[in-house]
Amino acid sequence: MYHHKNRYSVAFYNLENFFDTKNDPHSLDDDFTPEGDREWNESKYSNKAHKIARAISEIGVEDSDVPPVLLGIAEVENKQVIQTLLNTKELKGVDYDFVHFESPDERGIDTALIYHSKHFTVLDAETIPLLVDNTSGERDFTRDILYVHGRLHTEEVHVFVNHWPSRRTGGVETSYKRIKAAETILHKLETLEDDNPNCIIMGDFNDDPNSESIQTLMETGRFINPMKKLLSPFSGSANYRGEWSLFDQVILSHTFLDYEVGTHSYVRAEVFAPKFLQEWKGKYKGNPFRTYAGEKYLGGYSDHFPVYVVLEENL
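No experiment lies behind these values; they were computed from the predicted model shown. (Residues numbered from 1 in each chain as written. Predicted model: local features only at pLDDT ≥ 70, side-chain atom pairs only at ≥ 80, totals over all residues. Heavy atoms only, no water.)

*Asks:* What should I look at first to understand the packing of aromatic side chains in this one?
*Replies:* Two aromatic rings, taken as a pair, are described by how far apart their centres are and by the angle between their planes. Counted by the stated rule, this structure contains eleven aromatic pairs. When the ring of Phe18 is compared with that of Tyr45, the centres are 5.7 Å apart and the planes differ by 45 degrees; the resulting orientation is tilted. Here Phe18, found in strand β1 (residues 7–18), pairs with Tyr45, found in helix α1 (residues 42–58); they are 27 residues apart in sequence, far enough to count as distant. The buried category is assigned to Phe18, whose relative accessible area is 0%. Pairing Trp244 with Phe305 gives two aromatic rings, centres 6.2 Å apart and planes at 20 degrees, and the pair type is stacked. Of this pair, Trp244 sits in strand β11 (residues 243–245) while Phe305 sits in the loop between β15 (296–297) and β16 (307–313), and the two are 61 residues apart along the sequence. (Phe/Tyr/Trp six-rings, centres within 6.5 Å; stacked < 30°, edge-to-face > 60°. Helix = DSSP H or I, 4+ residues; strand = E, 2+ residues; numbered from the N terminus. Buried < 20%, exposed > 50% of the residue type's maximum accessible area, 1.4 Å probe, protein only.)

Next comes the structure, spelled out in C-alpha cells:
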C-alpha cells in the first residue's frame, strides 16, 4: 500500500483495567491480584500486554509508516504497566516514551500519553485536577486531566488526555461532572500565552459527541470533532447492552485545517476495529473482544476500540 511519508496518526485507547498483579494498599485493585476475584496473574497480565501492544502497533498503519506518534491511554494502574507495554516485542523497536502522573482516582486508574520521541518532544507537562463533588457534597476523587505541551515535528501542540467521570449512577445525574471537565480544559486554554493554540483533546469522555459536555467545548467555535460522524446504530468505540457509543474521541482545534508549511493538517478519523479486536461469533459478534465480562475471563484486548485521527505534515 502506498504511504504518504508525511502522514501520522494520533490515537486514544482505553485499555480496560490494565493493572499489574501486585496489590496496591491505596487503591481498589484487589480484584486484579492473584488472590482476587478475577485471579489476575502474571500470565494473564503478560497476555494482555502483548495483545494491547499488537493493537497499538497496527493503529494507522494504512496511512503511516509508523505507529501512532501520540497515543493517549486510559485505565492504566501505574508507570510499571506502561513500561511493561513498551517493553513487549511488539513495541520494543519503537522509540516510545511516556508522560504519566499518579491521579487520585479511587480505583487507582490513570491516564497517560505515550509519544514517539523521534516525532514529539515534551516541553512541559502537568496534571489538572478535576474538582467535582458527588451529589452528597463530598469530593468525587476522579481522574486528573493530563496536559502535555510539546512539539510535534516543528509545530507546538497542546495535548489534553482525559478520562471523564463515569455514568455509573446514570448519564443525566452525572452530566454536570463532565461539563465541569470541559470547562476545566477551557479555563486552562485561557491561561496559555498563545491566542490560537493547536489543541488535541482526546479521551474517554463517557459522553457521546452530541452530549452537553462535548458541546461545551464545541460552542466556543475553536474545535472540530471529526469523530462525530463515526457513531451509528451499527458502529462506535464501545458497546453496552447492544448499544453503540462513541465515548472515545479525538477533538482538534481549527488550526489543523490550515495548510501552512510546518503545520499539520487533518486528513481523516477512524475507529480502529480490525477483525482481531472483535468478538468473532455469538450474540456479541463485532463488539470489542474484552479481557473480562464481569468476573469471567475472556482473554481479549479491551472493552473499547481505539480511535485515531490522521494528520499530514505540510512540508
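*Asks:* I tried to follow the environment of Asp65 on my own but got confused; where do I start?
*Replies:* Along the chain, the position of Asp65 falls in the loop between α1 and β2 (70–76). We classify Asp65 as partly exposed; its relative accessible area is 40%. Sequence separation between Asp65 and His4 is 61 residues, and the spatial gap between their C-alpha atoms is 8.1 Å. In terms of polar contacts, Asp65 uses its side chain to reach the side chain of Lys5, at 2.9 Å. (Polar contact = N/O pair within 3.5 Å; in protein donor to acceptor, adjacent residues only side chain to side chain.)

*Asks:* Which parts of the structure should I look at to understand the pattern of salt bridges?
*Replies:* Where charged atoms of side chains with opposite charge meet at close range, the side chains can pair. Taken as a whole, this structure holds 16 salt bridges when the rule is applied. Close ionic contact of Lys5 with Asp65 constitutes a salt bridge, the shortest N to O distance being 2.9 Å. Of the two residues, Lys5 sits in the segment before β1 while Asp65 sits in the loop between α1 and β2, which places them 60 residues apart along the sequence. A cluster of three or more residues bridged by salt bridges with shared partners is formed by Arg7, Glu62, Asp63, Arg268, Glu270 and Glu312. (Salt bridge = Lys/Arg side-chain N within 4 Å of Asp/Glu carboxyl O.)

*Asks:* Looking at this structure, how should I read the environment of Arg143?
*Replies:* Here Arg143 shows up in the loop between β5 (120–128) and β6 (145–152). Of the residues examined, Arg143 reaches a relative accessible area of 6% and is grouped as buried. Each C-alpha atom, one on Arg143 and one on Ser57, is 26 Å from the other, the two residues being 86 residues apart in sequence. Discounting residues that sit within four places of it in the chain, Arg143 has contacts with Ser103, Asp105, Arg107, Ile109, Leu130, His163, Trp164, Pro165, Ser166 and Asn206. A distance of 3.1 Å separates the side chain of Arg143 from the backbone oxygen of His163, its partner in a polar contact. Among the polar contacts listed, one links the side chain of Arg143 to the backbone oxygen of Trp164, at a separation of 3.0 Å. (Contact = heavy atoms within 4.5 Å.)

*Asks:* Can you walk me through the sheet that holds strand β7 (residues 155–163) in this structure?
*Replies:* Neighbouring strands of a sheet are bound in pairs by backbone hydrogen bonds; such pairs are parallel or else antiparallel. On the basis of which strands lie adjacent, the open sheet formed by six strands has the order β5-β6-β7-β8-β12-β9 and mixed pairing. In the strand order of this sheet, the two ends are held by β5 and β9 (223–224), each with one partner. (Pairing = 2+ DSSP bridges.)

*Asks:* Explanation requested: unusual backbone geometry in the structure shown.
*Replies:* Peptide bonds are mostly trans, and most non-glycine residues show a negative phi. Even without being a glycine, Asn17 presents a positive backbone phi close to 50 degrees. Along the chain, Asn17 turns up in strand β1. Here the phi dihedral of Asn206 falls at roughly 50 degrees; this positive angle occurs in a residue that is not glycine. If you trace the backbone, Asn206 turns up in the loop between β8 (199–204) and α4 (212–218). Using a relative accessible area of 10% as the deciding quantity, one classes Asn206 as buried.

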